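Read off the chains here:
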Amino acid sequence: MKNNFKLIAAGITLFAALSYQASAQQIKVPAPSPGATIKQNLGLGEVTVEYSRPGVKGRNIFGDVVPFGKIWRTGANGTTKVTFTDSVKLDGHAVAPGTYGIYSVPNRDTWEVMLTSDLTLGGNVADYKMDKEILRIKVKSAPLVNKVETFTILISDVTPTSANLEFQWEKTGVVIPITTSIDAKVMKSIESALEKDNRPYFSAANYYYENDKDMKQALAWVDKAIEQNKAFYVVHLKAKILMKMKDYKAAEAAANQSMEMAKEAKSDDYVKLNEKLIAEAKKGGK
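Thresholds applied
- Residues numbered from 1 in each chain as written.
- Predicted model: local features only at pLDDT ≥ 70, side-chain atom pairs only at ≥ 80, totals over all residues.
- Heavy atoms only, no water.
- Pairing = 2+ DSSP bridges.
- Helix = DSSP H or I, 4+ residues; strand = E, 2+ residues; numbered from the N terminus.
- Buried < 20%, exposed > 50% of the residue type's maximum accessible area, 1.4 Å probe, protein only.
- Contact = heavy atoms within 4.5 Å.
- Core = buried A, V, L, I, M, F, W, Y, C linked by side-chain atoms within 4.5 Å.

Peer 1: Explain the pairing of strand β8 (residues 133-156) to me, please; I cannot follow it from the model alone.
Peer 2: A regular strand places its side chains so that they alternate between the two faces of the sheet. Across seven bridges, the pairing between strand β7 (residues 110-116) and β8 is antiparallel. Paired with Val 113 across the bridge in β8 is Ile 137. Where β8 and strand β9 (residues 162-179) come together, nine bridges link them in antiparallel fashion. The residue of β9 that forms the bridge with Val 148 is Glu 170. Hairpin connection between β8 and β9: a loop of five residues separates the two successive antiparallel strands, and Asp 157 in this loop has a positive phi of roughly 50 degrees.

Peer 1: What is the right way to read the environment of Phe 68 from this model?
Peer 2: Residue position: Phe 68 is located in the loop between β2 (45-52) and β3 (81-84). Given the relative accessible area of 27%, Phe 68 is considered partly exposed. Beyond its immediate stretch of four places on either side in the chain, Phe 68 contacts Phe 62, Gly 63, Pro 106, Asn 107 and Arg 108.

Peer 1: Just checking my understanding: could you explain the pairing of β3 for this structure?
Peer 2: By the bridge criterion, four bridges tie β2 to β3 in an arrangement that is antiparallel. Along β3, the bridge assignment pairs Val 47 with Phe 84. In the sheet, β3 pairs with strand β6 (residues 98-106) via four bridges, with the strands oriented antiparallel. Pairing of Lys 81 across the sheet is with Gly 101, part of β6.

Peer 1: Whenever I open this one, the nonpolar core confuses me. Can you help?
Peer 2: For soluble globular proteins, nonpolar side chains are generally found buried alongside one another. Residues Ile 190, Trp 221, Val 222 and Ile 241 are the most contacted members of the largest nonpolar core, which totals 36 residues. Going through the elements one at a time, α2 (183-194), α3 (201-210), α4 (215-228), α5 (232-244), α6 (248-264) and α7 (268-284) are the ones with two or more residues in this core. No other element matches the eight residues that α5 contributes to this core. Judged by nonpolar contacts, the second largest core, of 32 residues, contains Tyr 51, Leu 135, Val 139 and Leu 165.

Peer 1: What am I meant to see in unusual backbone geometry here?
Peer 2: Backbone geometry follows two general trends: most residues other than glycine have a negative phi, and most peptide bonds adopt the trans configuration. The phi dihedral of Asp 212 falls on the positive side, at around 55 degrees, and the residue is not glycine. Within the secondary structure, Asp 212 is located in the loop between α3 and α4. Residue classification places Asp 212 among the exposed positions, given a relative accessible area of 56%. Of note in the backbone geometry, Lys 246 takes a positive phi value of approximately 65 degrees without being a glycine. With respect to the helices and strands, Lys 246 occurs in the loop between α5 and α6.

Okay, here's the thing in structure tokens:
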């Protein structure tokens, strides 16, 4: 009987322990340094950053939590990663497409920022291997006007061929320019596309206009585009090309035509755009 009682008691204890463990496994709490992913189209490719975001939490960060002159993982938890799907330049230095770990050495006024092929290092910075380093650049840091509580990586000031990679935390900011070259690829794409039956004249003309290429060629292409699709926005592009060619009278005529078409299509935005262009053409023609 006594042995049976011991077995029952042991069973109850085991059951309680397993129940407690199962209950504990169901508890969910926020991560101290939550993960984040940012993606940004740049040129003909994409930039993706995956990182974790530690908080200030009342501490002094740079020079204390993150010592000056020491390698930092540039975030928390695992390795902060950046992926480029196309060739870019970081602060003028060429970087091939691929995924890299971002590490840095913060100092008072400047940071060294490194790209490494080691994606598993995490916070074990004592094992950082120079032979896996792809790039090291030196950039200036600057004080931020407003305190940033949570470590933040941004991709800002995006244009068709450039952007800024930014680090912000506490009251310190770092900006790294990213550039990419698309002109040769786009020109090749235009040449290839124009060899086919379904010719993208509008896109080709618009690229030439936006990038200050040969306006005579842009005009020839936009005329072909109008033959294919006489829409108000296509005629408006012709007016803009003519303005850039300083043919103000022809630009005004095209803008008037586009405006009447835009009114019929109830496109108020293009009505306003054409009104502005007409006013500019009248000034230029004087």
